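Structural overview
Listed below, chain by chain, are the residues.
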Amino acid sequence: NAGVTQTPKFRVLKTGQSMTLLCAQDMNHEYMYWYRQDPGMGLRLIHYSVGEGTTAKGEVPDGYNVSRLKKQNFLLGLESAAPSQTSVYFCASRRTGVAFFGQGTRLTVV
Amino acid sequence: RKEVEQDPGPFNVPEGATVAFNCTYSNSASQSFFWYRQDCRKEPKLLMSVYSSGNEDGRFTAQLNRASQYISLLIRDSKLSDSATYLCVANPGEGQNFVFGPGTRLSVLP
């Protein structure tokens, strides 16, 4: 009953460092999404994928890159972290209809 | 104009009260709609889908008005455990992004 799993759950980065967030789903879903959530801002879509090997930009893609080399995994990369990227990151997946979320990654950039 | 808009609240209601939230969407091609619930510092979880004819799940009733492009959520006999942020979703269609509203915060008071 894993569903959608995000790793890591917490991370502190220094400005300029890079990191990759991993999202893995075991439901054979086609669509996967990366959102960020900031206080009072709601969920904002960073990038999404409609299938293996495809990615598309969402509302706030700058400073992030993504890859979907395998259907079950969707990676979010920060090449050079900035304090403005301090946020909670949620991954979600869906086939049709309902989206299921991972538990989130709390990232702090200092 | 944002694709999906909600009154952020907070809505502060006493236990046992009935409370209603509306959510408007701008894309008339939106095909499917959902209400999610998000507890503090947790991931969003599906509360209910919204069907064209309206649907009910216990104390919760969802309605869709395509002509006016809004969906609503009615909560009857509010419980303390209903305190959360309620997010609406309008899905423009398969292969497109999954758009969340900013959320409406509900606090049910004893």
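Scroll up for the structure.
Rules used in this analysis
- Residues numbered from 1 in each chain as written.
- Chains lettered and ligands numbered in written order.
- Predicted model: local features only at pLDDT ≥ 70, side-chain atom pairs only at ≥ 80, totals over all residues.
- Heavy atoms only, no water.
- Helix = DSSP H or I, 4+ residues; strand = E, 2+ residues; numbered from the N terminus.
- Buried < 20%, exposed > 50% of the residue type's maximum accessible area, 1.4 Å probe, protein only.
- Contact = heavy atoms within 4.5 Å.
- Areas by Shrake-Rupley, 256 points an atom, 1.4 Å probe, with all protein chains shown as cover.
- Lys, Arg positive; Asp, Glu negative; His and termini not counted.
- Charge placed at Lys NZ, Arg CZ, Asp CG, Glu CD.
- Disulfide = S-S within 2.5 Å.
- Salt bridge = Lys/Arg side-chain N within 4 Å of Asp/Glu carboxyl O.

Once that is clear, we can look at the overall build of chain A. Across its full length, chain A carries 0 helices and 11 strands. For chain A, the succession of helices and strands along the chain, N to C, is β-β-β-β-β-β-β-β-β-β-β. Taking the principal axes of the C-alpha coordinates as reference, chain A spans close to 35 × 25 × 25 Å. Buried positions account for 49% of the 110 residues belonging to chain A. By sequence separation, contacts in chain A at least 24 residues apart represent 53% of the contacts at least 6 residues apart. Here chain A has roughly 5,200 Å² of accessible surface; of this, 52% comes from carbon and sulfur atoms. Distance between charge centroids for chain A: 5 Å, based on 12 positive and 7 negative side chains.

Now for the state of the cysteines. All told, the structure shown has 2 disulfides over all chains when counted by the stated rule. Here cysteine 23 of chain A connects covalently by a disulfide to cysteine 91 of chain A, the sulfurs 1.8 Å from one another. Looking down the S-S bond of the cysteine 23 of chain A and cysteine 91 of chain A bridge, the torsion is -75°, so its handedness is left-handed. In this pair, cysteine 23 of chain A is assigned in strand β3 (residues 19-25) and cysteine 91 of chain A in strand β9 (residues 87-94), connecting sequence segments 68 residues apart. A disulfide-free cysteine, cysteine 40 of chain B has its sulfur positioned 20 Å from the sulfur of cysteine 88 of chain B, the nearest such atom. For cysteine 40 of chain B, a relative accessible area of 67% puts it in the exposed group.

The next subject is the pattern of salt bridges. Using the criterion set out here, one finds 7 salt bridges over all chains in the structure. A salt bridge links aspartate 38 of chain A to arginine 36 of chain A; the shortest N-O distance between them is 3.0 Å. Assigned by exposure class, aspartate 38 of chain A and arginine 36 of chain A land together as buried. Lysine 79 of chain B serves as the salt-bridge partner of aspartate 77 of chain B, at 2.9 Å between the closest nitrogen and oxygen. Accessibility expressed as a relative area gives 32% for lysine 79 of chain B, which makes it partly exposed. Residues joined by salt bridges that share partners form a network here, namely Arg36, Asp38 and Arg44 of chain A.

The values reported here are purely geometric and, on their own, carry no functional implication.
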